[in-house]
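# Summary of the model geometry
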Amino acid sequence: MANFILSAFADEYSPMIDEQIIGLKKNGIGYMEIRGVDNVNVADITLDKAREVKAKLDAAGIGVSSIGSPIGKIKLTDDFEAHLDKLRHVIEIAKILDCNRIRMFSFYVDDTHDLAPARDAVMERLGRMLEIADAEGMILCHENERGIYGETVEGCVDIQKTFGGRIKCVFDHANFIVSGIEAFPYAYEVLKDDIFYMHIKDAGRAADGSMQIYPAGEGAGNFEATFRHLREYDKTFFCTLEPHLKVFGGLEALEAAKHDGLIKNQFATGEEAFCAAADAIKRYL
């Protein structure tokens, strides 16, 4: 029987780490996937700042489930050597925060969605990143994201097979849906044995036909069926809440695709959006 542990991108509650801790405790969430720290991306904070954050999290009894880094979220034409230096810095931050999981991506490819021309370059870069992570005892966790090599199920499977499962699979229902891919049952059935942890947000068509992000269970993700099937695994799954129900600070820097209007600001504040998303997923967990 599976064990599900709730975590969250608490920077969607507030950009400030002290308020993030308040939001997590208010919602009974004991872990965070750390991404934004006092209006700075986690990959760009200093090691001293990481130590300050660690002390605050320890005092509050909050653990870090993963480093929500932007590693791999660049174009293949961007400076990769500088990006490797950023990965090395993220690894040092992860050590301070007592976390060995780093969320990452598989590089933006062109808009044709033809993966073949980019494959060799993507795999070469992922392989170099993996060598650095392995040497430091870190686990790279790949998220399916729009516009990257691993946007599609086929791309995710290719990464899994190429590296023998050493790069782990982060399953995001909404990201598949907004890419025109059925999250459940199709993507789930293909990737279910490889799912390492999940990002929790839903997506689907609104009444006007536009695509938008929803709390879990209100879109096309079919979370009830997902958890019903996953609970048969003898694994522990972190489930990271990622509301995306209200535009939050730093979103454009995090999301090159700008989400194309997917976030409709259904809630007046980040606090309201975060709490609504937390209540939604708790109904399933």
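Details of the structure are given in the entry above.
Residues numbered from 1 in each chain as written. Predicted model: local features only at pLDDT ≥ 70, side-chain atom pairs only at ≥ 80, totals over all residues. Heavy atoms only, no water.

### Some points on the pattern of salt bridges
Convention followed: By definition here, a salt bridge exists when the distance from a side-chain nitrogen of Lys or Arg to a carboxyl oxygen of Asp or Glu is within 4 Å. A run of H or I in DSSP counts as a helix once it spans at least four residues, and a run of E counts as a strand once it spans at least two, with each numbered from the N terminus. We call a residue buried when its accessible area falls under 20% of the maximum for its residue type, exposed when it is over 50%, and partly exposed in between, using a 1.4 Å probe and counting protein chains only.
Summed over the entire model, instances satisfying the criterion amount to 25 salt bridges. In this structure, the salt-bridge partner of D48 is R51, at a minimum N-O distance of 2.7 Å. Remark: R51 and D48 occur in helix 2 (residues 47–60); sequence separation between them is three residues, near one turn of the helix. Here D48 falls in the exposed class, since its relative accessible area comes to 56%. Of the charged contacts in the structure, one is a salt bridge between K49 and E52, with a shortest N-O distance of 3.1 Å. On the criterion of helical spacing, the pair formed by K49 and E52 is a turn pair, its members being three residues apart in helix 2. Owing to a relative accessible area of 35%, E52 belongs among the partly exposed residues under this scheme. One continuous salt-bridge network, built from bridges that share partners, spans D11, E12, R35, D172, K201 and E242.

### A look at unusual backbone geometry
A cis geometry characterises the amide bond from F184 onward to P185, with omega recorded as 10°. For P185, the location among the structural elements is in helix 7 (residues 183–191). Located in the positive-phi region is H244, a residue other than glycine, with phi close to 50°. Residue position: H244 is located in the loop between strand 12 (236–241) and helix 9 (251–254). Under the relative-accessibility criterion, H244 is labelled buried at 1%.

### Some thoughts on the side chain of D202
Defined as follows: When charges are tallied, Lys and Arg are placed among the positive residues and Asp and Glu among the negative ones, while His and the ends of the chain are skipped. Residues adjacent in sequence count toward polar contacts only when both atoms are side-chain atoms; beyond that, a polar contact is any pair of N or O atoms within 3.5 Å, and within protein one must be able to donate a hydrogen and the other to accept it.
One can find D202 in strand 10 (residues 202–205). Of the side chains bearing the opposite charge, R283 lies closest to the buried D202, which forms no salt bridge; the N-O distance is 9.3 Å. For D202, the side chain forms a polar contact with the main-chain nitrogen of G219, separated by 2.9 Å. A distance of 2.8 Å separates a polar side-chain atom of D202 from the backbone nitrogen of G221.

### Description of the environment of I29
Worth spelling out the cut-off: When checking whether two residues touch, look at their non-hydrogen atoms; a contact exists if any pair is within 4.5 Å.
Within the element layout of this structure, I29 appears in the loop between helix 1 (17–26) and strand 2 (31–34). With a relative accessible area of 2%, I29 lands in the buried category. For the pair I29 and T240, spaced 211 residues apart in sequence, the C-alpha to C-alpha distance is 10.0 Å. Setting aside anything within four residues of it in sequence, one finds I29 in contact with L6, S7, A8, L24, I62, L241, F274 and A278.

### Some details on the packing of helix 1 against helix 2
The line we're drawing: Axis angles are defined between N-to-C directions and span 0 to 180 degrees, where every axis is a line fitted to C-alpha atoms and, for a helix, only to the segment in contact. An angle below 35 degrees is treated as roughly parallel, one above 145 as roughly antiparallel, one from 65 to 115 as roughly perpendicular, and anything else as oblique. Each crossing gets its hand from how the near helix is turned against the far one by less than a right angle, where anticlockwise is left-handed and clockwise is right-handed. All amino acids are sorted into three groups, where Ala, Val, Leu, Ile, Met, Phe, Trp, Tyr, Cys and Pro are nonpolar, Asp, Glu, Lys and Arg are charged, and the leftover types, Gly among them, are polar.
Contact geometry for helix 1 and helix 2: axes closest at 11 Å, N-to-C directions at 25°. Between helix 1 and helix 2, the crossing angle belongs to the class labelled roughly parallel. Helix 1 and helix 2 meet at a crossing whose hand is right-handed. Between helix 1 and helix 2, the residues in contact are I17, D18, I21 and K25 and V53, K56, L57 and A60, respectively. Classifying every residue of the contact of helix 1 with helix 2 gives five nonpolar, no polar and three charged.

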